[in-house]
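Survey of secondary and tertiary structure
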Amino acid sequence: MKKTVAVVFGGESGEHSVSCVTGAWVADRLEECGYNVVRVGITVQGGWFLYSGGSEEMRSGAWELDGSRLFPAVISPSRGDGGLLVGGKPMRIDAVFPAVHGRYGEDGTLQGLLELSGIPFVGCGTFSSAVCMDKIAAKLICASAGIPVLPHREYRAGGVSPEHAADECESAFGYPVFVKPARSGSSLGITRAVCREELISGFEAAFGVDDKLLAEPALASPREIETAILDCGELTVSECGEISSGSVFYDYDAKYVNGDSVCTVPAVLAPGLSDTLRAAAASAFTSLGCRGMARVDFFVCGDKWYFNEINTIPGLTPISMYPKLMEESGISGAQLVRLLTESACRNSR
């Protein structure tokens, strides 16, 4: 009998539109593999609906306006409810494929709900999702595992004024400086400051996204190198890929809007460096308690390299690096979602 997989997409974060595109890509690949697909969309306002339409409306964002095909739905934390409730009535599903980026999707909140429900789901569990979403926590754990990270400072909203934080960063790092929300993705809220005015504005912008942020020095002409990891019983670590940004740094516009960024797969690296970074990616994945999938990002500057961040629900869109890296490893998009879904069902408790 065909398995039924619920793809949960959308969400309340600033990455809502990207999550819809990821969800459409996943749904299409699952259908290629012969699964019954149930589309569960979360609106920007936080409403949950079963959407009976198709992937094109998901990609365009039109699904949220299609009231005739939206049916109130929730995932119940009570294991006796059958998991997914549509209009208060149980609908049997065999697994969930989370495709929600950012807060309330990638940060352990959705994973906690799924663990309570007892529904098998793709990807990291509650703890590792939460830790990996927090750039500061992830850096601390990776550093303890011997993986190089850049020096950084942590700031909390209300704990210090932007002016005082700027004083500390100027003393510690000089310029340029990156200011980043600690728990946001798709480069939302990140600024690169080259003077005090920009630095103060960067703190204000970052605090508009998260109440916890970090500041770190900007490297001189760093290369952005990424690896993809697939964990379905044994780790598959892809070859390294390189992002050449179409902006000053790889911000949201460079990733999804201007189309000027270039992905090179495999990356051209010094002898032995690819193996070093792939080993570091596997170490980070294991140290952070990950499972299923993740994309691990590094900065390379001359003969030095640093762990930047890890993404436990990496972008799965036609232009995303994770599926491109997996394809380079001989794993198609359809194979990828099938392996992840089968592994989730097999290892459920």
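Below or above, wherever it landed, is the structure these notes cover. This is a predicted model, so every value here is computed, not measured. (Residues numbered from 1 in each chain as written. Predicted model: local features only at pLDDT ≥ 70, side-chain atom pairs only at ≥ 80, totals over all residues. Heavy atoms only, no water.)

**Description of the pattern of salt bridges**
Rule in force here: In what follows, salt bridge is the name for a side-chain nitrogen of Lys or Arg lying within 4 Å of a carboxyl oxygen of Asp or Glu. In this text, helices come from DSSP runs of H or I with a minimum length of four residues, and strands from runs of E with a minimum of two, each type numbered from the N-terminal end. Remark: exposure states derive from per-residue accessible area (1.4 Å probe, protein chains only) relative to the maximum for the residue type, with buried under 20%, exposed over 50%, and partly exposed in between.
According to the stated counting rule, one finds 23 salt bridges in the structure shown. The partner of Arg59 in a salt bridge is Glu56, and the shortest N-O contact between them spans 3.4 Å. Residue Arg59 and its partner Glu56 are both found in helix H2 (residues 55-60); the two are separated by three residues, about one turn of the helix. Of the residues examined, Arg59 reaches a relative accessible area of 33% and is grouped as partly exposed. One salt bridge connects Asp210 with Arg183, and the closest N-O pair in it is separated by 2.8 Å. Residue Asp210 is located in the loop between helix H7 (196-207) and strand E11 (212-217), and its partner Arg183 is located in the loop between strand E9 (177-181) and strand E10 (191-193); the two are separated by 27 residues in the primary sequence.

**Looking at the side chain of Lys180**
Rules: The term polar contact refers here to a pair of N or O atoms within 3.5 Å; inside protein, the definition further demands a hydrogen-donor-capable atom paired with an acceptor-capable atom, and it admits residues adjacent in sequence only when both atoms are side-chain atoms. Contact criterion: two residues are considered in contact whenever any of their non-hydrogen atoms come within 4.5 Å of each other.
Considering the arrangement of structural elements, one finds Lys180 in strand E9. Judged by relative accessible area, which is 5%, Lys180 ranks as buried. Of the polar contacts made by the side chain of Lys180, one reaches the side chain of Asn308; its length is 3.3 Å. Each residue touching Lys180, except ones within four places of it in the same chain, is listed here: Lys135, Ile190, Ala206, Leu213, Leu214, Glu216, Phe299 and Asn308.

**Focus: helix H4 (residues 126-133)**
Buried within H4 are the following residues: Ser128, Ser129, Val131, Cys132 and Met133. Here the buried face of H4 lies against helix H3 (109-117), helix H5 (135-144) and strand E17 (304-311).

**Topic: the packing of helix H6 (residues 162-172) against H7**
Rules: Helix axes use the C-alpha atoms of the stretch in contact, all axes being lines fitted to C-alpha atoms, and the angles between their N-to-C directions lie in the range 0 to 180 degrees. Oblique is the label for every angle not falling under 35 degrees (roughly parallel), over 145 degrees (roughly antiparallel), or within 65 to 115 degrees (roughly perpendicular). Each crossing gets its handedness from the near helix: less than a right angle anticlockwise from the far helix is left-handed, clockwise is right-handed. Charged means Asp, Glu, Lys or Arg here, nonpolar means Ala, Val, Leu, Ile, Met, Phe, Trp, Tyr, Cys or Pro, and polar covers whatever is left, Gly included.
Relative orientation of the contacting elements H6 and H7 amounts to 125°, with a least axis distance of 9 Å. The orientation of H6 with respect to H7, classified from their angle, is oblique. For the crossing formed where H6 meets H7, the hand is right-handed. Each of Pro162, Glu163, Ala165, Ala166, Asp167, Cys169 and Glu170 in H6 lies in contact with H7, whose residues at this interface are Arg196, Leu199, Ile200, Phe203 and Glu204. Here the residues of the contact of H6 with H7 sort into seven nonpolar, no polar and five charged.

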